[in-house]
Amino acid sequence: MTKSPGFVHLRVHSAYSLLEGALPIKKIRDLAEADRQPAVAITDRNNLFGALEFSETLAEKGVQPIIGCTLDVAFPLALSQRNGRPGAPGDNRLRAPLALLAKDAPGYANLVRLTSAAFLEPSMESAVCVDLDAVARHAAGLICLTGGPEGPLNRLLAEGRADMAEDIAARLAEVFGDRLYIEVQRHGAADERRVEADLLSLAYRRSLPIVATNQAFFPKAEDYDAHDALLCIAEGRYVAEDDRRRLTPEHSFKTRAQMCALFADLPEALENTVEIARRCAFRPVTRAPILPRFTGEGADALAAEADELRRQAAEGLEKRLAVGPLTPGKTPEDYRARLAFELDVIIRMKFPGYFLIVADFIQWAKAQGIPVGPGRGSGAGSVAAWALSITDLDPLRFGLLFERFLNPERVSMPDFDIDFCQDRRDEVIQYVVRKYGRDRVAQIITFGKLQARACLRDVGRVLQMPYGQVDRLCKLVPNNPANPVTLAEAIAGEPKLQEARDGEPVVAQMLEVAQKLEGLYRHASTHAAGVVIGDRPLVELTPLYRDPRSEMLVTQFNMKWVEPAGLVKFDFLGLKTLTVLAKAEEMIRASGREINLAQLELDDPATYELLSKGDTVGVFQLESTGMRES
């Protein structure tokens, strides 16, 4: 048996390098598995959006995930504006990337802090970056690669500033010690070839190890044209333009054999990729949800929460029973027995804190006159939730089951869908921020994708196709947000698209490129409702992001991965219907009449007559065309 080539990819950019990487994480896994690669490192630009997803996805197939980041760093230098990506006028610093890999748990924690700081405390105006001093403070447990052609050493050598390159190399060696590697890349670009000899000379002169890397942005060399179009989409340029950023077909996810052949003259550079992989003995893993303590910290905190929950729920139930008529056939003891059963389950599953936290901010909202929904979803089946004023529906009256919400046989976090007046929802979130601390409460990131129609329009634009032609083609793709149709499905089901593809080469190119880019992430934004609350500063559990449109912290992990990271999600839904109802109440009271929406009868014949006619515009969940026409 021949020995497998010794090479590990250390510079892979996933689709989370927004509008730059064209490698979905599952695709990276499949490519690594097909080539029997033992390990792969992810180094997305300035973020850890995909860190936990990458870790879990590759590990399940037996591929060692290495978590890293291509992080822009501000280096203190006297550089002129012509050296590319400078700071603000008069700012004598060079902004250039380093590739940082987490060697161990402290290294990953430091990487999380650095990527969070790059968004939250950027060291350059209008830039996502950190300064070199910050990197030095958080260098423990990190392996540093010098960034390749974009990195500080290559760029300074290309500028003929070898003395400055020497100074930076010395400073990085001081910071990282034997965890610094001089990165050598061979994508065939002129700037790489021009400085390679000087780069190697610097490395040998300073006894710094070299490492062979290949920045992978797309799967195969034949995907280069599609990726080139992606860069044009990102920068608002046209494919036909010459003076724009271009990569090469060599920026694909090469096999080990290809890399070993490319660097056959530098065997130590290949061997060091394997050495680095062996040094990186850590990956982030999922963890059980961690809730902040409602009654304080300490060994008895959980017991104290259980006692507090029993007290609040018992008092709340008696208030409920004293106000309105009981469900026919039910006695107060039936309600108390149901509550006792639910509380036993809640406490046994260690969720009293969750109920107390939700009850607290809902009770606060109601005390401030902020309209709150009566409750919906499976949470409405809980007598405990009703007693705590989380919901306003009597579960026994409507025969609702608690087990649909919380069941010891199917352990999962409870999840209340809570509706607030759209105009005042932010007041409730700010109350939570004040109560638990600004560094412990965050919104959740979400990622927009290149969907079928929008992707076609983007590709048509960068190919400089006539707008009318692109518009006609896009309208042939079904637009159904509830059940999206892929471009491949649209082409297979639409003869006119097939005819256009077969009749015009530019349309065929457009459709081919768009299919390769479809589904990639386009931008990051903030989830409309999700909020997480931690028992410690969130940067200890997840990397953080800053949405320019919000002053709150935002997690770098999305809705699917923020809970496996150990955070508990709370939904603060803004509902315009509640806002309308609040306005209606004000108008009725202004006319001299009193009304209490919570006490309205639910069997009013006139109301059901309107419902039966489908006259439900403005009625929550009954206003869609499907509901009104059925």
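Residues numbered from 1 in each chain as written. Predicted model: local features only at pLDDT ≥ 70, side-chain atom pairs only at ≥ 80, totals over all residues. Heavy atoms only, no water.

**Considerations on the overall build of the chain**
Note the cut-off: Helical segments are the DSSP runs of H or I of at least four residues, strand segments are the runs of E of at least two, and each set is numbered from the N terminus. The classification of residues rests on relative accessible area computed with a 1.4 Å probe and restricted to protein chains. Under 20% of the type maximum is buried, over 50% is exposed, and intermediate values are partly exposed. Contacts between residues were defined by any pair of non-hydrogen atoms, one from each residue, lying within 4.5 Å. Under the convention used here, a 1.4 Å probe and the Shrake-Rupley method define accessible areas, while residue burial counts only the protein chains that appear. Positive charge is attributed to Lys and Arg, negative charge to Asp and Glu, and no charge count is given to His or to the chain ends. To locate a charge, the coordinates of NZ of Lys, CZ of Arg, CG of Asp or CD of Glu are taken.
Helices and strands together make up the secondary structure of the chain, namely 24 helices and 14 strands. In terms of principal-axis extent, the alpha carbons of the chain reach across some 90 × 65 × 60 Å. Across the 630 residues that make up the chain, the buried fraction comes to 51%. Within the chain, residue pairs in contact and separated by at least 24 positions form 76% of the contacts whose partners lie at least 6 positions apart. As displayed, the chain offers around 28700 Å² of accessible surface, 51% of which is attributable to carbon and sulfur atoms. Distance between charge centres in the chain, computed from 77 positive and 88 negative side chains, equals 1 Å.

**Observations concerning helix H1 (residues 25–34)**
The line we're drawing: Of all possible arcs, the one meant is that of the directions from the helix axis to the C-beta atoms.
Taken as a whole, H1 has its buried residues at Ile25, Ile28, Arg29, Leu31 and Ala32. All buried residues of H1 project into a common sector of 165 degrees when viewed along the axis, lining one side. Projecting away from the buried face of H1 at angles above 90 degrees are the exposed residues Lys26 and Ala34. Structurally, H1 contributes buried residues whose contacts are with strand E1 (9–12), strand E2 (39–45) and helix H2 (51–59). Directly after H1, the chain includes Arg36, whose backbone phi takes a positive value near 55 degrees.

**Let's talk about a nonpolar patch on the surface**
The following threshold applies: Patch membership is restricted to residues that have no salt bridge and whose relative accessible area is over 30%. Joining uses 9 Å for like charges and 5 Å for the nonpolar side chains Val, Leu, Ile, Met, Phe, Trp and Tyr. Salt bridge, as used here: a side-chain nitrogen of Lys or Arg that lies within 4 Å of a carboxyl oxygen of Asp or Glu.
Together, Leu581, Leu597 and Leu600 line one region of the surface with nonpolar side chains, adding up to about 230 Å² of accessible area. With respect to the element layout, Leu600 can be found in the loop between helix H22 (576–590) and helix H23 (605–612).

**Regarding the pairing of strand E11 (residues 521–533)**
Under the convention used in this document: Two strands are said to pair when DSSP picks up at least two bridges between them.
Strand direction decides the pairing type here: strand E10 (residues 441–449) and E11, joined by 8 bridges, are antiparallel. Counterpart to Gln443 in the pairing with E11 is Val531. With 4 bridges connecting them, E11 and strand E14 (residues 568–575) associate as antiparallel partners. Along E14, the bridge assignment pairs Val531 with Phe570.

**Quick notes on unusual backbone geometry**
With the exception of glycine, the majority of residues adopt a negative phi angle, and the majority of peptide bonds are in the trans configuration. In this structure, Ser207 is a non-glycine residue whose phi angle is positive, near 60 degrees. Counting through the fold element by element, Ser207 comes out in the loop between helix H7 (190–205) and strand E8 (210–213). When its relative accessible area of 66% is taken as the criterion, Ser207 is described as exposed.

**Considering the pattern of salt bridges**
In this structure the tally under the stated criterion is 49 salt bridges. For Asp419, the salt bridge is made with Arg376, and the minimal N-O distance between the two is 2.7 Å. Taken together, the residues span a long stretch of sequence, with Asp419 in strand E9 (residues 417–421) and Arg376 in the loop between helix H13 (352–367) and helix H14 (383–387) at a distance of 43 residues. Take Asp419: its relative accessible area is 6%, and that puts it in the buried class. By relative accessible area, which is 25% here, Arg376 ends up partly exposed.

**With respect to the packing of aromatic side chains**
Aromatic ring pairs: the centre-centre distance and the angle between the two ring planes describe each pair. The cut-off we apply is this: Put simply, two rings from Phe, Tyr or Trp (the six-membered ring, in Trp's case) pair if the centres are within 6.5 Å, and we call them stacked under 30 degrees between planes, edge-to-face over 60, tilted for the rest.
All chains considered together, the criterion is met by 23 aromatic pairs. Look at Phe49 and Phe119: their rings are 6.4 Å apart centre to centre, the planes differ by 20 degrees, and that puts the pair in the stacked class. Of this pair, Phe49 sits in the loop between E2 and H2 while Phe119 sits in helix H3 (residues 105–120), and the two are 70 residues apart along the sequence. Exposure class is identical for Phe49 and Phe119. Each is buried.

**Considering the sheet that holds E10**
Put simply, the rule reads: To get an axis, fit a line to the C-alpha atoms, keeping to the stretch in contact for a helix; angles then go from 0 to 180 degrees between the N-to-C directions.
Strand order in the open sheet formed by 6 strands is E9-E14-E11-E10-E13-E12, and the pairing between neighbours is mixed. The outermost strands of the open sheet, each flanked by one partner alone, are E9 and strand E12 (544–546). Direction aside, the axes of adjacent strands within the sheet are offset by 50 degrees on average. Alignment of E9 against E14, held across 5 bridges, turns out to be parallel. Within E14, the position partnered with Cys421 by the bridge is Leu575. Relative to E14, H13 is tilted by about 25 degrees, and along the sheet it contacts E9, E11 and E14.

**Here's the deal with the pairing of E8**
Convention followed: Seen with the strands pointing away from the viewer, any crossover whose path from the first strand over the helix to the second strand runs clockwise is right-handed.
Of the two faces of E8, the one carrying Ile210 and Ala212 and the one carrying Val211 and Thr213 are both buried. Two elements, strand E7 (residues 180–185) and E8, share 4 bridges in a ladder whose sense is parallel. Each bridged residue has a counterpart across the sheet, and for Val184 the counterpart in E8 is Ala212. In this fold, E7 hands off to H7, which returns the chain to E8; that crossover is right-handed.

**Section: the side chain of Asn558**
By the element assignment, Asn558 lies in strand E13 (residues 553–558). A relative accessible area of 16% means that Asn558 is categorised as buried. Setting aside anything within four residues of it in sequence, one finds Asn558 in contact with Tyr16, Ile444, Ile445 and Phe447.

**Some words on the confidence of the model for the chain**
Note the threshold: Confidence scores labelled pLDDT are given residue by residue by the predictor and lie between 0 and 100.
Looking at the chain, the pLDDT average stands at 91 and 96% of residues meet or exceed 70. Contacts from residues 79–89, a stretch scored under 50 in pLDDT, to residues over four places away or in other chains number 25 contacts.

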